[in-house]
Amino acid sequence: MSTAEHRDLCFRQLCALVREAGVRPLSLMANDPAEYFAVMEAAGGVDISLGVKFGVQYSLWGGSIINLGTKKHRDKFFEGIDKLDYPGCFAMTELHHGSNVQALQTTATFDPVTDEFIINTPNDGAIKWWIGNAALHGKFATVFARLILPLQGKGGEPADMGIHAFIVPIRDLETHAVLPGIEINDCGHKIGLNGVDNGALRFRSVRIPRDNLLNRFGDVSRDGKYTSSLPTINKRFAATLGELVGGRVGIAYSSVGVLKVSVTIAVRYALLRQQFGPPKKPEISVLDYQSHQHKLMPMLASSYAFHFATLYLVDKYSEMKKTNDEDVMADVHVLSSGLKAYITSYTAKSISVCRESCGGHGYAAVNRFGALRNDHDIFQTFEGDNTVLLQQVAGDLLKQYQEKFKGGTFSATWNYLRDSMGTYLSQPNPVTSRWEGEDHLRDPNFQLDAFRYRTSRLLHSVAARLQKHSKTLGGFGAWNRCLNHLLTLAESHIESVILAKFIEAVKRCPDEKTRELLKLVCDLYALDRIWKDIGTYRNVDYVAPNKAKAIHKLADYLSYQVRLVAQELVDAFDLPDLIIRAPIGMQSEAYAQYTQHVGF
């Protein structure tokens, strides 16, 4: 399928979902985020490009109207966006600036004579770039620009009020012609995700009504006076970005869906494929080999762990939308940043492992790993580069760590860090560091303590290093000197949260047999992670040598135990054939479907 055909197909599928099936995504996002993200995951399961176009239209373009606008904007645009009569885009990223949103250069200058804003691209570096839905289908764009008020700065200079969002029509609603003053070009063929029409936008003195300013956090009156309930540019900027976390929530949730599809294909094929075996005996399934279990079973366990973690994230996001509680908003911001970064990075690596585990047949395009890998790859850098997002997590942890010294309290999500200066930073118990029994190693209290001990040690040590280096290098230099340490801290913390949510889900499970099975999967997730970072635990004598060996041995045994129920575990994802599609990933007659596909 050509890029043009893929883009046309994705838009027709989106139209069918909305106009023929009667789904109202924007209404769901506003009233039932959990159902909205489920629909988004399903769309992405069919085609990741379709899922991304869905997210651009509703999470980003629609979300900007709901979250950054006021009643007048919702009254005017909500129905048109919901029914796909107003296809739109989200024009934040520029050629020279992506992560550093505060440095965007596009300007929106108020003209008090005509009561309009003039949107302008001052140089090539300010061209809006990678804008989904812009190249072909978008009729509107939410444009992020610097709000400039003429003659209101010191000495009569223009006043820069910081980054704000503006609704800018980019194509005629009837003819679809590009409007005057706007130049749109296609960003071209990409590594993947070619069903999404990414475009570049340049604005040449494009005039929009003053009412097109999304004015929830800042407004301009008819006489050009600026008002805001928030006192500083930084607070307004933080509030603006804080309302856009729905995009990151959706990406984390959808990435888990991609992981489930990849693992399902790989596990089903590993159960089907037979290779070698004892002399004069039938060949055995490749999943019976310990090396194959080592590749796939922890990945299967991670799929379950991430599933429960993202369900928790969606619940917190729903709570945030209902209550507007500032503490919940802060939690969701950091949690969505961390889970998006951690899960998408893990999934990207895992897709390649799944492909390799399927041998040559994994290389066939029809078996989907190439498309899944290439289409998902961008998840690591859009809606926030993963390295930048992990730094936000580390920064929040350090902020709360410092507040602890001042007698403050930790937010509910991170409350285990209240013990950072106590239990977890005391010398490891020489007795428990040697306990090797299976009951002890499979005790969720031991597993959580191990994860949290590591996080607390990392937090304490990086805080000391930053304090030391800041004296000679300054704040920025010290942060850069400790950057790898900070990223490790953030990942460790997110793993602690994921494990905690998995353990809670196991305890809540009402059926005893299902609970035992989930407990097995949870134990594998925990012990595999501890073993992968065993050097850290050995260096601080948290785990004695014999205990380390016992952890390794038990993790291997649990992988074998999970292998025995791997079929049931992937079937429980309940992914229909329409989603899986890969012949080698079908529940029955996989080889027959594969041979039919190539013409036999």
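Quick caveat, the model's predicted, so the values are computed rather than measured. (Residues numbered from 1 in each chain as written. Predicted model: local features only at pLDDT ≥ 70, side-chain atom pairs only at ≥ 80, totals over all residues. Heavy atoms only, no water.)

1. Here's the deal with the overall build of the protein
Turning to step 1, where the next piece is worked out: Across its full length, the protein holds 20 helices and eleven strands.
Turning to step 2, where the next piece is worked out: Its C-alpha radius of gyration of 26 Å places the protein within 12% of the 25 Å reference for a compact globule of 600 residues.
Turning to step 3, where the next piece is worked out: Its C-alpha atoms give the protein principal-axis dimensions of roughly 90 × 70 × 45 Å.
Turning to step 4, where the next piece is worked out: Residues counted as buried form 54% of the 600 residues belonging to the protein.
Turning to step 5, where the next piece is worked out: For the protein, the share of sequence-separated contacts (at least 6 apart) that also reach a separation of at least 24 residues comes to 73%.
Turning to step 6, where the next piece is worked out: With the model as given, the accessible surface of the protein reaches about 26,100 Å², and the carbon-plus-sulfur share is 53%.
Turning to step 7, where the next piece is worked out: When the 67 basic and 64 acidic side-chain charges of the protein are each reduced to a single mean position, those positions are 5 Å apart. (Helix = DSSP H or I, 4+ residues; strand = E, 2+ residues; numbered from the N terminus. Rg over C-alpha atoms; globule rule 2.2 N^0.38 Å. Buried < 20%, exposed > 50% of the residue type's maximum accessible area, 1.4 Å probe, protein only. Contact = heavy atoms within 4.5 Å. Areas by Shrake-Rupley, 256 points an atom, 1.4 Å probe, with all protein chains shown as cover. Lys, Arg positive; Asp, Glu negative; His and termini not counted. Charge placed at Lys NZ, Arg CZ, Asp CG, Glu CD.)

2. Some details on helix α10 (residues 369-377)
Turning to step 1, where the next piece is worked out: Every buried residue of α10 is accounted for by Phe369, Leu372, Asp375 and His376. For α10, the angular spread of buried residues about the axis comes to 145°, placing them on one side.
Turning to step 2, where the next piece is worked out: Considering only its buried residues, α10 is in contact with α4 (48-68), α7 (246-272) and α9 (326-357). (Arc of directions from axis to C-beta.)

3. Focus on the domain arrangement of the protein
Turning to step 1, where the next piece is worked out: When the domains of the protein are assigned, the result is domain 1 (3-83), domain 2 (89-235) and domain 3 (246-411 + 421-577).
Turning to step 2, where the next piece is worked out: Computed from C-alpha coordinates alone, the two centres of domain 1 and domain 3 are separated by 30 Å.
Turning to step 3, where the next piece is worked out: Counting from both sides, the interface comprises 14 residues of domain 1 and, opposite them, 20 residues of domain 3.
Turning to step 4, where the next piece is worked out: Taken together, both faces of the contact between domain 1 and domain 3 bury some 1,400 Å²; the carbon and sulfur share is 66%. (Domains from an automatic or database assignment. Buried area = accessible area lost by both parts, 1.4 Å probe.)

4. Here we look at helix α1 (residues 3-20)
Turning to step 1, where the next piece is worked out: With 18 residues, α1 should cover 26 Å at 1.5 Å per step; its first-to-last C-alpha distance of 25 Å lies within 8% of that length.
Turning to step 2, where the next piece is worked out: If you check which residues of α1 are buried, you get His6, Arg7, Cys10, Phe11, Leu14, Cys15 and Val18.
Turning to step 3, where the next piece is worked out: With its phi angle positive at about 75°, Gly22 sits one or two positions after the end of α1. (Expected span 1.5 Å × (residues − 1).)

5. Considerations on the packing of helix α8 (residues 290-323) against helix α17 (residues 545-564)
Turning to step 1, where the next piece is worked out: Packing of α8 against α17 brings their axes to within 9 Å, and their N-to-C directions diverge by 80°. As judged from the angle between their axes, α8 and α17 are roughly perpendicular. Contacts between α8 and α17 involve Gln290, Gln293, His294, Met297, Pro298 and Leu300 on the former and, on the latter, Asp556, Ser559, Tyr560, Val562 and Arg563.
Turning to step 2, where the next piece is worked out: Taken together, the residues of the contact of α8 with α17 sort by class into five nonpolar, four polar and two charged. (Axes fitted to C-alpha atoms, helices over the stretch in contact; angles between N-to-C directions. Parallel < 35°, antiparallel > 145°, perpendicular 65-115°, else oblique. Nonpolar A, V, L, I, M, F, W, Y, C, P; charged D, E, K, R; others polar.)

6. What to know about the sheet that holds strand β8 (residues 199-203)
Hydrogen bonds between backbone atoms are what pair the strands of a sheet, whose relative direction is either parallel or antiparallel.
Turning to step 1, where the next piece is worked out: Strand order in the open sheet formed by three strands is β4-β8-β7, and the pairing between neighbours is antiparallel. Edge strands, defined here as strands with exactly one partner in the open sheet, are β4 (128-131) and β7 (182-186). Pairs of neighbouring strands in the sheet enclose a mean axial angle of 25°, with direction left out of account.
Turning to step 2, where the next piece is worked out: Inspection of the sheet shows β4 paired to β8 by two bridges, in the antiparallel sense. Residue Lys128 lies in a different strand from β8, and its bridge partner there is Leu201. (Pairing = 2+ DSSP bridges.)

7. Focus: unusual backbone geometry
Turning to step 1, where the next piece is worked out: One non-glycine residue, His176, lies in positive phi territory at about 70°.
Turning to step 2, where the next piece is worked out: Here His176 lies in the loop between β6 (159-169) and β7.
Turning to step 3, where the next piece is worked out: Phi at Phe276 takes a positive value of approximately 60°, unusual for a residue other than glycine.

8. Description of the packing of helix α13 (residues 444-481) against helix α14 (residues 483-508)
Turning to step 1, where the next piece is worked out: Relative to each other, α13 and α14 sit at 155°, their axes nearing to 8 Å. In terms of their interaxial angle, α13 and α14 are classed as roughly antiparallel. When you trace α13 past α14, the crossing you get is left-handed.
Turning to step 2, where the next piece is worked out: Residue classes in the contact of α13 with α14 are distributed as 14 nonpolar, nine polar and five charged. (Left-handed = near helix turned anticlockwise from the far one by under 90°.)

9. What to know about the pattern of salt bridges
Turning to step 1, where the next piece is worked out: Going through the model one piece at a time under the given rule, you end up with 29 salt bridges.
Turning to step 2, where the next piece is worked out: Its salt-bridge partner being Asp8, residue Arg12 comes within 2.9 Å of it at the nearest N-O pair. Here Arg12 and its partner Asp8 are both found in helix α1, four residues apart, which amounts to about one turn of the helix.
Turning to step 3, where the next piece is worked out: A residue is classified by how much of its surface remains accessible, and Asp8, at 40% relative accessible area, is partly exposed.
Turning to step 4, where the next piece is worked out: The network of salt bridges with common partners includes Arg454, Glu495, Asp528, Arg529, Lys532 and Asp533. (Salt bridge = Lys/Arg side-chain N within 4 Å of Asp/Glu carboxyl O.)

10. Things to note about the packing of aromatic side chains
Turning to step 1, where the next piece is worked out: Applying the stated criterion to the full structure yields 21 aromatic pairs.
Turning to step 2, where the next piece is worked out: Residues Phe117 and Phe166 carry aromatic rings whose centres are separated by 5.0 Å and whose planes lie at 65° to one another, so their mutual orientation is edge-to-face. A residue pair is termed long-range when its members are at least 10 positions apart, and Phe117 in strand β3 (residues 116-120) and Phe166 in strand β6 qualify at 49 residues. Note on accessibility: Phe117 and Phe166 belong to one class, buried.
Turning to step 3, where the next piece is worked out: On the basis of an interplanar angle of 45° and a centroid distance of 5.7 Å, the ring pair of Tyr537 and Tyr542 is categorised as tilted. Just as Tyr537 is buried, Tyr542 falls in that class too.
Turning to step 4, where the next piece is worked out: Joined through ring pairs, the aromatic side chains of Tyr36, Phe37, Phe54, Tyr58, Tyr253 and Tyr317 make up one cluster.
Turning to step 5, where the next piece is worked out: It is Arg454 that lies over the ring of Phe451; its NZ or CZ is 5.4 Å from the centre.
Turning to step 6, where the next piece is worked out: The positively charged end of Lys501 is found above the aromatic ring belonging to Tyr312, 3.9 Å away from the centroid. (Phe/Tyr/Trp six-rings, centres within 6.5 Å; stacked < 30°, edge-to-face > 60°. Lys NZ or Arg CZ within 6 Å of the ring centre and 35° of its normal.)

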